[in-house]
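Spelled out, the chains give:
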Amino acid sequence: MLREANTRDAEALVPLMKILGYPTTAEKMRTRMERIFSKEEYQTFVWEENEKLSGMIGMRLSYAYHTDEPHVRVIAFAVIEDSQGKGIGGKLMKAAEQWGKANEAATVMLNSGNRKEREATHEIYRHYGFEGTATGFYKHI
């Protein structure tokens, strides 16, 4: 079942963050979620089955200098390994697109690492209709 996330989901989100390569604790995740939930431009959906979270998508509505329409930037998107291949990711992505349309967004954007182990994930994104047209650059400050 698709639903909006809440702070009670913090502990269940920990394994999903680990899949993305960002290990954390329930306490840190709760703090992050409280901060995120205080901002109306953020939205987080989860997929729950049998009282267990098996997927999540977290995004932000953003405005840009180069276009009039806002866009949705997917910040975190993961499905637990034993639930992959069941269409959960597609349902989460569809929810992100619908949320974006409801907020007048013209596009959905996401970043994914250029590593060999991410190639299968990139194929899934292409299946969802995404195009790999940019390279991201990051600098810690």
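Each remark here, short or long, concerns the structure printed above.
Residues numbered from 1 in each chain as written. Predicted model: local features only at pLDDT ≥ 70, side-chain atom pairs only at ≥ 80, totals over all residues. Heavy atoms only, no water.

A.B. asks: So what exactly am I meant to see when it comes to the overall build of the protein chain here?
C.D. replies: The secondary structure content of the protein chain amounts to 4 helices and 5 strands. In the protein chain, the succession of helices and strands from N to C terminus is β-α-α-β-β-β-α-β-α. Its C-alpha atoms give the protein chain a radius of gyration of 15 Å, within 12% of the compact-globule value 14 Å for 141 residues. The principal-axis extents of the C-alpha atoms in the protein chain amount to approximately 40 × 35 × 35 Å. Expressed as a percentage of its 141 residues, the buried residues of the protein chain come to 37%. Excluding contacts between residues fewer than 6 apart, the proportion of contacts in the protein chain whose partners are at least 24 apart in sequence is 54%. (Helix = DSSP H or I, 4+ residues; strand = E, 2+ residues; numbered from the N terminus. Rg over C-alpha atoms; globule rule 2.2 N^0.38 Å. Buried < 20%, exposed > 50% of the residue type's maximum accessible area, 1.4 Å probe, protein only. Contact = heavy atoms within 4.5 Å.)

A.B. asks: Can you help me understand helix 3 (residues 88–102) in this one?
C.D. replies: At 3.6 residues per turn, the α-helix brings residues three or four places apart onto the same side. Here helix 3 is 15 residues long and its end C-alpha atoms lie 21 Å apart, about the 21 Å a rise of 1.5 Å per residue gives. All of the buried residues along helix 3 are I88, G89, L92, M93, A95, A96, W99 and G100. The buried residues of helix 3 occupy an angular sector of 155° when projected down its axis, which confines them to one face. Along helix 3, the residues that are exposed and aim more than 90 degrees away from the buried face are K101 and A102. Check the buried side of helix 3 and you find it contacts strand 1 (2–4), strand 2 (42–49), strand 3 (52–62), strand 4 (71–79) and strand 5 (107–110). Looking at the residues trailing helix 3, positive phi occurs at E104, about 65°. (Expected span 1.5 Å × (residues − 1). Arc of directions from axis to C-beta.)

A.B. asks: Looking at this model, I keep getting lost on the pattern of salt bridges. Mind explaining?
C.D. replies: A side chain of one charge can pair with a side chain of the opposite charge when the charged atoms of the two come close. Applying the stated rule across the entire model yields 3 salt bridges. Measuring nitrogen to oxygen at the nearest pair gives 2.9 Å for the salt bridge that ties E48 to R3. Here E48 is found in strand 2, whereas its partner R3 is found in strand 1, with 45 residues between them in sequence. Through salt bridges with shared partners, a single ionic network connects R3, D9 and E48. (Salt bridge = Lys/Arg side-chain N within 4 Å of Asp/Glu carboxyl O.)

A.B. asks: Honestly, unusual backbone geometry in this entry has me stumped. Any pointers?
C.D. replies: For residues that are not glycine, phi is negative in most cases, and the peptide bond is trans in most cases. Non-glycine residue N50 carries a positive phi angle of around 50°. When you line up the elements, N50 lands in the loop between strand 2 and strand 3. Residue classification places N50 among the exposed positions, given a relative accessible area of 78%. Phi is positive for E104, which is not a glycine, with a value near 65°.

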